Amino acid sequence: MTIDFIGVIVPLSILLPFFIAIYRWKHLPAGARYIFLYLLASAVINFTAVLIGRYLHKNNMPLVHILTAAEVVIFLFYYKTIFGHQNKLPAYLSMAVIFIILCIVNALFFQSIHTYSSYTRSAEAIICILFALNYFARLASDTGNSVKMVKQPDFYFNAGIFLYFSGAFMLFIFSNFIITTLSKTNFMIIWNIHGGLLVLMYILFSIGFIVCKK
Amino acid sequence: MQKVTDNIFLLVLFAMLGTFILAASFIFFFIRYQRRIAIQKEAMQKAELDHSEKLLHATLLSQEEERKRIGRDLHDDVGASLSNLKMVMAQVVETVPGKTAYKPLIDNIISTVRNISHTLSPPGLALFGLENTLHELFDNFNIGGIIKINFENELGEKMDGLDEQAALALYRIIQELLANTIKHAEARHVLIRCFAEAGNMIITYQDDGKGLDQAASKKHGMGMQNVEARLRMIQAHSEMPVVSKGFFIKVVTAYKPVLTK
């Protein structure tokens, strides 16, 4: 019996950081709680997508459009919190609103909600990679914390974000293209690799939740 | 125009793997770089700490040397001069019977000078060892009758096998602790015990005074800081468990030669 990696293991792997976060909720700082919120949003939307796609046999792509906007908004608030930009709320709110507008414009005029939102998904990947790089740059300049870097939950969260979005970036760009050109086997190989990147991110998130100390 | 025959599957695969490897390498080298900085920083902090420790030891040693010199000068020069003065005065006043009031006065000055010189540098330490010198110190503290010091030495003469630096450090530590007890503790009794435990020499000091606020003492007490510095100088350490009444300190020195003498 073979276990369906992309249909069972990958969606279920989100439960690992999810339950660790719930178990260690009291120890989670505000930043880690945003990561939990991201996991919650991903879990709800992905499970709904699986339900709609596999069991109702309907197009679940509109959910990807919603998830993309939701993820960016959550990540923006996460970075606002860990960068200590409490007084820059208007700037982050503006970025969130602009991105949501871009998602709506993209869905209305460029990429139908029934196709993969590769433009906004790629933009999301770029935003996340830039913020993660910014985090690493701050960490490198903050020599006071360098000793305990591996004990910082945000290091694991950002390593997860950085590795996942870097690896998946090309897939996001070419997703609509490969749907139409690749054989089902090759298409599944690519999405299995994407699944592997997701599992890696969830494992790093789990470690991040474990090392959380409020 | 030539037709493009590249396999899109392989291109996407390579692109995904390529960007992932780039990101993973970045994180790998970042961790290595940060770890190297952390190790360098730790080494620098250790070197600074060692340097300040050496400075402190040098200060304490030169302080002891200076004390020894002043003590010797007081004892040999001022003390001898006072004794001469006493003899001269005795010859001068021989002709005037009944005029002997100067005697207790000079005796008192001689005694004071002797006490000061002994406090500055205990002369018996090299000659008679730590045990006898401590007895002399306790006798001086007991004179006033304010405090009663009990000294239990299970090591006996083995205690005298300590090298001069260690003996002097322990002497100063006990002197400091006694001074603290008298100044702050309002204690009536002090018990000092010396014994061997797991191959180490142990000195416990206990009084029945009002105890010590450990947090405050660590921050502000120059006396206790001095005690800790001297302990570090002879590779010893102290433990201060919380006791129900008074003050308690256990000094552990790894001076094994003393126990096999």
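Okay, so let's go over this structure.

Rules used in this analysis
- Residues numbered from 1 in each chain as written.
- Chains lettered and ligands numbered in written order.
- Predicted model: local features only at pLDDT ≥ 70, side-chain atom pairs only at ≥ 80, totals over all residues.
- Heavy atoms only, no water.
- Axes fitted to C-alpha atoms, helices over the stretch in contact; angles between N-to-C directions.
- Helix = DSSP H or I, 4+ residues; strand = E, 2+ residues; numbered from the N terminus.
- Parallel < 35°, antiparallel > 145°, perpendicular 65-115°, else oblique.
- Left-handed = near helix turned anticlockwise from the far one by under 90°.
- Contact = heavy atoms within 4.5 Å.
- Nonpolar A, V, L, I, M, F, W, Y, C, P; charged D, E, K, R; others polar.
- Phe/Tyr/Trp six-rings, centres within 6.5 Å; stacked < 30°, edge-to-face > 60°.
- Buried < 20%, exposed > 50% of the residue type's maximum accessible area, 1.4 Å probe, protein only.
- Buried area = accessible area lost by both parts, 1.4 Å probe.
- Polar contact = N/O pair within 3.5 Å; in protein donor to acceptor, adjacent residues only side chain to side chain.
- Pairing = 2+ DSSP bridges.
- Salt bridge = Lys/Arg side-chain N within 4 Å of Asp/Glu carboxyl O.
- 1 Å grid on protein atoms, 1.4 Å probe; cavity = no way out; pocket = protein on both sides within 12 Å on 5 of 7 lines; lining within 4 Å.
- Points joined across faces, edges and corners; volume = space filled by probe spheres on them.

### Notes on the packing of helix H1 (residues 5–13) of chain A against helix H8 (residues 184–210) of chain A
All names here are of chain A. Two numbers describe how H1 lies on H8: the axes approach to 9 Å, and their chain directions differ by 15°. By the angle class used here, H1 and H8 are roughly parallel. For the crossing formed where H1 meets H8, the hand is left-handed. Contacts between H1 and H8 involve Phe5, Ile6, Val10 and Ser13 on the former and, on the latter, Met188, Trp191, Asn192, Gly195, Gly196, Leu198, Val199 and Tyr202. The class makeup of the residues in the contact of H1 with H8 is eight nonpolar, four polar and no charged.

### Quick word on the packing of aromatic side chains
All names here are of chain A. For the coordinates displayed, the defined rule picks out 32 aromatic pairs over all chains. Ring centres 4.8 Å apart and planes at 75° place the aromatic pair Tyr164 and Phe165 in the edge-to-face group. Classification of Tyr164 by relative accessible area gives buried; the value is 2%. For Phe165, a relative accessible area of 0% puts it in the buried group.

### Some points on the interface of chain B and chain A
If you look at the interface, chain B gives 19 residues, while chain A gives 30 residues. Between chain B and chain A, the buried area comes to about 2200 Å², and carbon and sulfur atoms account for 85% of it. Linking chain B with chain A are two residue pairs in polar contact (both at pLDDT 80 or more), by the criterion used here. Of the residues in the side of chain B that touches chain A, the class split is 15 nonpolar, two polar and two charged.

### Some thoughts on the environment of Lys210(B)
Residues and elements named next belong to chain B. Its location among the elements puts Lys210 in the loop between strand S3 (200–207) and helix H5 (214–220). Measuring from C-alpha to C-alpha, the distance between Lys210 and His184 comes to 8.2 Å, with 26 residues separating the pair along the chain. Discounting chain neighbours no more than four positions away, the residues touching Lys210 are His184, Ala185 and Glu186.

### Focus on helix H2 (residues 15–23) of chain A
Among all positions in H2(A), only Pro17(A), Phe18(A), Ile20(A) and Ala21(A) are buried. Buried-residue contacts for H2(A) involve H1, helix H3 (30–55) and H8 of chain A.

### Quick word on the sheet that holds strand S2 (residues 189–197) of chain B
Residues and elements named next belong to chain B. Pairing within the open sheet is mixed, and its five strands lie in the order S1-S2-S3-S5-S4. Where the open sheet ends on each side, the last strands, each with one partner, are strand S1 (148–153) and strand S4 (237–239). Pairwise comparison of adjacent strand axes, ignoring direction, gives a mean angle of 15° for this sheet. Direction of pairing for S2 relative to S3: antiparallel, over a ladder of eight bridges. Within the sheet, the bridge partner assigned to Ala196 lies in S3 and is Met201.

### Some thoughts on the pattern of salt bridges
Residues and elements named next belong to chain B. Applying the stated rule across the entire model yields 14 salt bridges over all chains. Across the pair Glu66 and Arg69 runs a salt bridge whose closest N-O atoms are separated by 2.9 Å. Of this pair, Glu66 and Arg69 both sit in helix H1 (residues 8–93), separated by three residues, roughly a single helical turn. Taking the shortest distance from any N to any O, the salt bridge between Lys250 and Glu197 comes out at 3.2 Å. You can see Lys250 sitting in strand S5 (residues 247–253) and its partner Glu197 sitting in strand S2, a full 53 residues away along the chain. Residue classification places Glu197 among the partly exposed residues on the basis of a relative accessible area of 36%. Three or more residues joined by partner-sharing salt bridges are found here, namely Glu64, Arg67, Arg172 and Arg230.

### Thoughts on the pairing of S3(B)
S3(B) sits mainly inside the fold: seven of its eight residues count as buried. Here S2(B) hands over to S3(B) after two residues, with Ala198(B) in that stretch at a positive phi of 50°.

### Examining empty space enclosed by the protein
The gaps left among the atoms become clear once a water-sized probe is rolled over them. All names here are of chain B. For the structure shown, the criterion picks out one cavity of 30 Å³ or more. Lining of the largest cavity is provided by Ile173, Ile174, Leu177, Ile203, Thr204, Tyr205, Ile249 and Val251. Only helix H4 (164–185), S3 and S5 provide two or more residues apiece to the lining of the largest cavity. Of the residues in the lining of the largest cavity, the class split is seven nonpolar, one polar and no charged.

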